[in-house]
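# Structural features, examined
Now for the letters of each chain:
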Amino acid sequence: KYFFAAKAVAKVMTCSADGVVDVIALKNGDANYSISNPMEVKFDAQGNMFVLYRKKLVKFNGYTVAKEWTLPEDYTDAFCFTADYSKALVFGYIKVYQIDLNDPAAEVKVIAGGASKHTNASTYKDGEMGKPLTATFNTCYDAMCLADGTILFGDAAAKTMRLMIPDVYGNFENATIK
């Protein structure tokens, strides 16, 4: 099955190999769970489904909510897992957030970007090497982790594909943005 976020109808849906489309009935305990503005659906190595929508990242065990993280920025469009699936990186409008998925009490932490944003391809800044908080972002779409742990993401305003390269210990808090 292929899983996808149907943003316009605020649903998570599946499509089978023979083209049958179904809506997934998401739950929070025994109650129905409603998602507004879903952006992406991805699965971790254990088969847990994660759904990103504008203000939250939600982990589902089966189709039932297991954990929710509220995001401090209204516009989040993309997320990915680190190579070992221990962290989720969420790309907001002007910042990148990290969530430690192995820590049940983990808070959402800003690891890249800042208060300013670039406005076009000629004004974006990669920032200083090893200091991702000095980089600028503006509306990032899709993100994926490459085999070496580097994150590849699209920056719409910069009109370019960019890289977030972790330090030698795999730490994204000291990443270099290119």
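What counts, and where the lines are drawn
- Numbering of residues begins from 1 in every chain and follows the order in which that chain's sequence is written.
- Predicted model: local features are reported for residues with pLDDT of at least 70 only, side-chain atom pairs are reported and counted for 80 or more only, and whole-chain, interface and lining totals are derived from all residues.
- Values reported for side chains reflect all heavy atoms of the structure, with hydrogen atoms and water molecules removed beforehand.
- Here a strand pair is declared whenever DSSP counts at least two bridges between the two strands.
- Strands are runs of DSSP state E lasting at least two residues, helices are runs of H or I lasting at least four, and both sets are numbered from the N terminus onward.
- Axis lines are fitted to C-alpha atoms, over the contacting stretch for helices. Their N-to-C directions set the angle, which ranges from 0 to 180 degrees.
- Among buried residues, the Ala, Val, Leu, Ile, Met, Phe, Trp, Tyr and Cys ones that are joined through side-chain atoms within 4.5 Å form a nonpolar core.
- Three labels apply to residues, based on accessible area from a 1.4 Å probe with only protein chains included: buried if under 20% of the type maximum, exposed if over 50%, partly exposed otherwise in between.
- A contact between two residues is defined here by any heavy atoms of the two lying within 4.5 Å.
- pLDDT: the predictor's confidence for each residue, scored from 0 to 100.
- A carboxyl oxygen of Asp or Glu within 4 Å of a side-chain nitrogen of Lys or Arg is what we treat as a salt bridge.
- Pairing of aromatic rings covers Phe, Tyr and the six-membered ring of Trp, with a centre-to-centre limit of 6.5 Å; geometry is then stacked below 30 degrees between planes, edge-to-face above 60, and tilted otherwise.
- Either the NZ atom of lysine or the CZ atom of arginine qualifies as a charge over a ring when it sits within 6 Å of the ring centre and within 35 degrees of the ring normal.

### Looking at the sheet that holds strand β2 (residues 11-15)
Strand order in the open sheet formed by three strands is β1-β2-β3, with antiparallel pairing between adjacent strands. Whereas interior strands pair on both sides, the edge strands pair on one side only; in this sheet they are β1 (2-6) and β3 (21-23). Mean inter-strand twist for the sheet, computed between neighbouring axes without regard to direction, equals 30°. Note that β1 and β2 share five bridges and pair antiparallel. Residue pairing in the sheet places Phe-4 in a bridge with Met-13 of β2.

### Some points on the nonpolar core
It is characteristic of soluble globular proteins that their nonpolar side chains tend to be buried jointly. Membership of the largest hydrophobic core comes to 17 residues, with the highest contact counts inside it found for Leu-89, Phe-91, Phe-137, Ile-151, Phe-153 and Met-164. Only β10 (76-81), β11 (87-92), β13 (109-113), β14 (140-145) and β15 (151-155) provide two or more residues apiece to this core. When sequence neighbours within four positions are dropped, the list of residues in contact with Ile-151 reads Cys-80, Phe-81, Leu-89, Phe-91, Ala-143, Met-144, Cys-145, Arg-162, Leu-163, Met-164 and Phe-172.

### Considering the confidence of the model for the protein chain
Here the protein chain averages 91 in pLDDT, while 99% of its residues score no lower than 70. When the elements of the protein chain are averaged for pLDDT, β10 gives the smallest value, 88, and β3 the largest, 95.

### Things to note about the pattern of salt bridges
Two side chains of opposite charge can pair, provided their charged atoms sit close to one another. Summed over the entire model, instances satisfying the criterion amount to seven salt bridges. One salt bridge in this structure joins Glu-173 and Lys-109, with 2.6 Å as the shortest N-O distance. Placement of the pair is Glu-173 in the loop between β16 (160-165) and β17 (176-177) and Lys-109 in strand β13, with a sequence separation of 64 residues. Overall, the relative accessible area of 32% leaves Glu-173 in the partly exposed class. Arg-162 serves as the salt-bridge partner of Asp-126, at 3.1 Å between the closest nitrogen and oxygen. Remark: Arg-162 occurs in strand β16 and Asp-126 occurs in the loop between β13 and β14; sequence separation between them is 36 residues.

### So, the packing of aromatic side chains
As enumerated under the stated definition, the model contains nine aromatic pairs in all. Centre to centre, the rings of Phe-81 and Tyr-85 are 5.3 Å apart; their planes meet at 45°, and the pair counts as tilted. Owing to a relative accessible area of 6%, Phe-81 belongs among the buried residues under this scheme. Put simply, the rings of Phe-50, Trp-69, Phe-79, Phe-81 and Tyr-85 pair up and form one aromatic cluster. The ring of Phe-79 has Lys-42 sitting right over it, with the charged end atom 5.2 Å from the ring centre.

### Details of the pairing of β16
Alignment of β15 against β16, held across five bridges, turns out to be antiparallel. Residue pairing in the sheet places Ile-151 in a bridge with Met-164 of β16. Here β16 pairs with β17 via two bridges, running antiparallel. By the bridge assignment for β17, Met-164 is matched with Ile-177.

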